[in-house]
Each structure stands twice: as structure tokens, then as C-alpha cells.
Amino acid sequence: MNNYNNLIFEKRDDYYLLKINRPKNLNALNQDTISELKQCFDFIKKNSKGFYGVILTGEGDKSFVAGADIKEFTGLDKKASIQFCKNGHELFNNIERMPIPVIALVNGYALGGGCELALSCHFRFATGNANFSQPEINLGIIPGYGGTQRLTQIIGKSKAMEMMLTAKMINSDEAFQFGLVNKVVKDNNDGMHHCEELIKTLKRKAPIAIKNVIKSVNNFYDNSSDGFLEEINLFSECSSTFDFEEGVKAFIEKRCPDFKGE
Ligand code: COA
């Protein structure tokens, strides 16, 4: 079942377990991982009968996903940045529209694209060491995988603005207070236990009704589709700035960026 380089994908009795498996890079999402996730969720969508949920987590106990792979940002021009956003949007929209619930077990850093990935899931459980942030502003860009829209939908405008404009990192208790996570769990093992309990509950519900609740709740937000499109334009505008190049360079060189506003 596991033909993936960057994922661990397992069929358990009545659910799927999917782990992002790049622990040396804190499970950062490179483009290969995005395309493997797409294949995997396509498979799950076609084979959802008899399965009551997907547990999505990160390998190791330090990071869920530490964001998009910043090392792939070098030389990202306007055209490539539009494709970059579209790849992420397509995947995250698919996750949001899965016919069975996807539970993000956030077991460490959920930064940038990692936070956005968790936001596209139907439930979020966070371990005690989880940390959430949208730090794109530090690189001279904006969230480009749907975060400007979904974070605002989920935690409201003022807290979303604060997180995106300051890159503030919040821990799992704050994330719970913000309504960003459904539950705080101790660690990976405790998290798996709570996810499995949730799957047992979901197993007792009508699958078609589950599928239609997901569809119907998503319909509520459909008028935001222009916001998603606009996000791609705004992200790609940032990608042609000096500050973006500088932000990425500074990260790779492990120093503070020297932004110039151009
Ligand atoms: N993209 C690519 N590589 C990443 C990464 C990312 N988003 N986040 C972490 N890594 C890599 C590091 O470059 C490092 O690789 P190296 O050993 O080859 O240098 C490795 O993962 C371990 O990270 P390191 O920074 O040494 O760990 P740390 O515990 O000191 O710090 C973080 C952890 C998460 C605070 C720090 O890695 C970080 O700020 N990452 C970037 C987060 C971010 O801005 N994400 C949004 C991108 S849009």
C-alpha cells in the first residue's frame, strides 16, 4: 500500500492512517509531497466505503508540518508561484471535500502550509507540544494555500489578522481557546487513542449523512471562492519582490532578513 517516498499510508481496520514522512525537514511540504498527497486522497475518495475517517499526522514527535519547503522557494517567479498556489489549493480543497472526515493530529509544529493543511481538515486535535503559526510575513509573502480564507473562517477576522500580520506562534492551549483545535491531547499515543475514539463515534453515524454534512457546511463558505483566487494573485505579487528573495535567502543562511519594502 505504501508506494510513496514522502508519506506513510496505511489501511487500518476501518480508517486510513496517513503520515507526512520527511522528519529531517520537519515534514515540510515539498512539491513531491503535495503530489503524493493528491494521489493518496484521490485513492481514499474512490475507496471510502467501509472507512470512517482519515487520521493525518506527521512522522516523529517534533513536527506535524513546518510549512511549505522554503528551499523550493529560491527562484520562484510570478508564473511559477501561481502554479505553486494552485497545486496547494487543489489538494486542500480536495481534502476539505472528502466524503469521510479527515482528522488532523497536529503533533508539533503546524506552521505556514502546515497550519493551512490542518485548517483544511474536518477536525483538529493538537498534542501538548503543538505550535501553530502563519509565519509567511517573515519571508515577505502571504499564506498561499488557502490560509487567508480558512483561518479567517475558523478563528475570526481579528485573531486571524493578528496571526498573519505578526507571525505569532500559539501553543495548543491558545489554539483551543481560539477555536482552532477541537481538542488538546497529551502526546502522539494519546492523540491516536482520541482519534480512534472519534472514528468509533463516526462509525455509528450514517455515511451518506456524514458526506452530506461535509458538503453542506462547505457550501456555506462557497461565496469565498473569489477570495481564494485573489489570494493566488496576491501571493504571486509578493513572489516577485526583493523582500521575498531576501526572506528565503535569510532562512537558508540562518540569519535575520533585511527587508527593504520592495
Ligand atoms: N522548509 C524547508 N526546510 C525546513 C522548513 C521549511 N519550512 N522548516 C524546517 N526546515 C528544515 C531546516 O532547514 C533544517 O534543515 P537543515 O538541518 O538541513 O538545516 C531542519 O528542517 C530542522 O530545522 P531547524 O530550523 O534546524 O529546527 P529548529 O528546531 O531549530 O527550528 C523551526 C524549528 C520550525 C522554528 C524552524 O525550522 C523554522 O522556522 N522553520 C520555517 C518555518 C516557516 O517559516 N514555515 C512557513 C514556510 S511558508
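Up top is the structure.
My aim in this report is to walk through the structure given alongside it, one point at a time. (Residues numbered from 1 in each chain as written. Predicted model: local features only at pLDDT ≥ 70, side-chain atom pairs only at ≥ 80, totals over all residues. Heavy atoms only, no water.)

1. Re the pairing of strand β3 (residues 54-58)
Within β3, five of the five residues are buried, which leaves it mostly tucked inside the rest of the structure. Here five bridges tie strand β2 (residues 16-20) to β3, and the two strands are oriented parallel to one another. Of the residues in β3, the one forming a bridge with L18 is L56. The parallel pair β2 and β3 is bridged by helix α1 (residues 31-46), and the resulting crossover is right-handed. (Buried < 20%, exposed > 50% of the residue type's maximum accessible area, 1.4 Å probe, protein only. Helix = DSSP H or I, 4+ residues; strand = E, 2+ residues; numbered from the N terminus. Pairing = 2+ DSSP bridges. Right-handed = clockwise from strand over helix to strand, strands pointing away.)

2. A closer look at the site of the ligand
Not every one of the 17 residues close to the ligand is listed here, only the nearest: K62, A66, A68, I70 and K71. The contact in question runs from a nitrogen atom of the ligand to an N or O atom on the backbone of A66, over 3.0 Å. Between the ligand and A68 there is a distance of 2.9 Å, counted from a nitrogen atom to a backbone nitrogen or oxygen. Notes on the ligand: free accessible area 860 Å², of which the protein chains cover 68%. Its atoms largely coinciding with the cavity grid, the ligand occupies the largest pocket. In terms of residue class, the shell around the ligand is made up of 10 nonpolar, one polar and six charged. (Near = heavy atom within 4 Å. Polar contact = N/O pair within 3.5 Å; in protein donor to acceptor, adjacent residues only side chain to side chain. Areas by Shrake-Rupley, 256 points an atom, 1.4 Å probe, with all protein chains shown as cover. 1 Å grid on protein atoms, 1.4 Å probe; cavity = no way out; pocket = protein on both sides within 12 Å on 5 of 7 lines; lining within 4 Å. Sits in = over half its atoms within 2 Å of the grid points. Nonpolar A, V, L, I, M, F, W, Y, C, P; charged D, E, K, R; others polar.)

3. Brief notes about the sheet that holds strand β6 (residues 109-111)
Pairing is mixed across the open sheet formed by four strands, whose spatial order is β4-β6-β8-β9. The open sheet has two free edges, formed respectively by β4 (63-65) and β9 (170-171), since each of these has just one partner strand. Summarising the sheet, β4 and β6 pair through two bridges and their orientation is parallel. Its bridge partner being in β6, S63 is matched across the sheet by Y109.

4. Quick look at the side chain of D69
With respect to the element layout, D69 can be found in the loop between β4 and α2 (78-96). Looking at D69, the relative accessible area reads 9%, which means it is buried. A polar side-chain atom of D69 sits 3.1 Å from a polar atom in the side chain of R22. The contacts of D69, once residues within four sequence positions are left out, are R22, A28, L29 and N30. (Contact = heavy atoms within 4.5 Å.)

5. Notes on unusual backbone geometry
Here the phi dihedral of N27 falls at roughly 60°; this positive angle occurs in a residue that is not glycine. When you line up the elements, N27 lands in the loop between β2 and α1. We note that K254 has phi near 55°; this positive angle belongs to a residue other than glycine. When you line up the elements, K254 lands in the segment after α10 (242-252).

6. Thoughts on the packing of helix α4 (residues 147-155) against helix α5 (residues 157-166)
Where α4 meets α5, the closest approach of the two axes is 7 Å, and the angle between their N-to-C directions is 135°. Relative to α5, α4 is oriented oblique. For the pair α4 and α5, the crossing hand works out as right-handed. Together, G147, T148, L151, T152 and I155 of α4 and K157, K159, A160, M163 and M164 of α5 make up the contact between the two elements. (Axes fitted to C-alpha atoms, helices over the stretch in contact; angles between N-to-C directions. Parallel < 35°, antiparallel > 145°, perpendicular 65-115°, else oblique. Left-handed = near helix turned anticlockwise from the far one by under 90°.)

7. Things to note about the layout of surface pockets
If you add up the space inside the largest pocket, you get close to 810 Å³. Lining the largest pocket we find 36 residues, and of these A66, I70, L111, L139 and F251 sit closest to its centre. For the lining of the largest pocket, the elements supplying multiple residues, two or more each, are β6, α3 (113-119) and α10. With four residues, the top contributor of residues to the lining of the largest pocket is α10. Classifying every residue of the lining of the largest pocket by side-chain character gives 21 nonpolar, eight polar and seven charged. (Points joined across faces, edges and corners; volume = space filled by probe spheres on them.)

These values are about where atoms sit, not about what they do.
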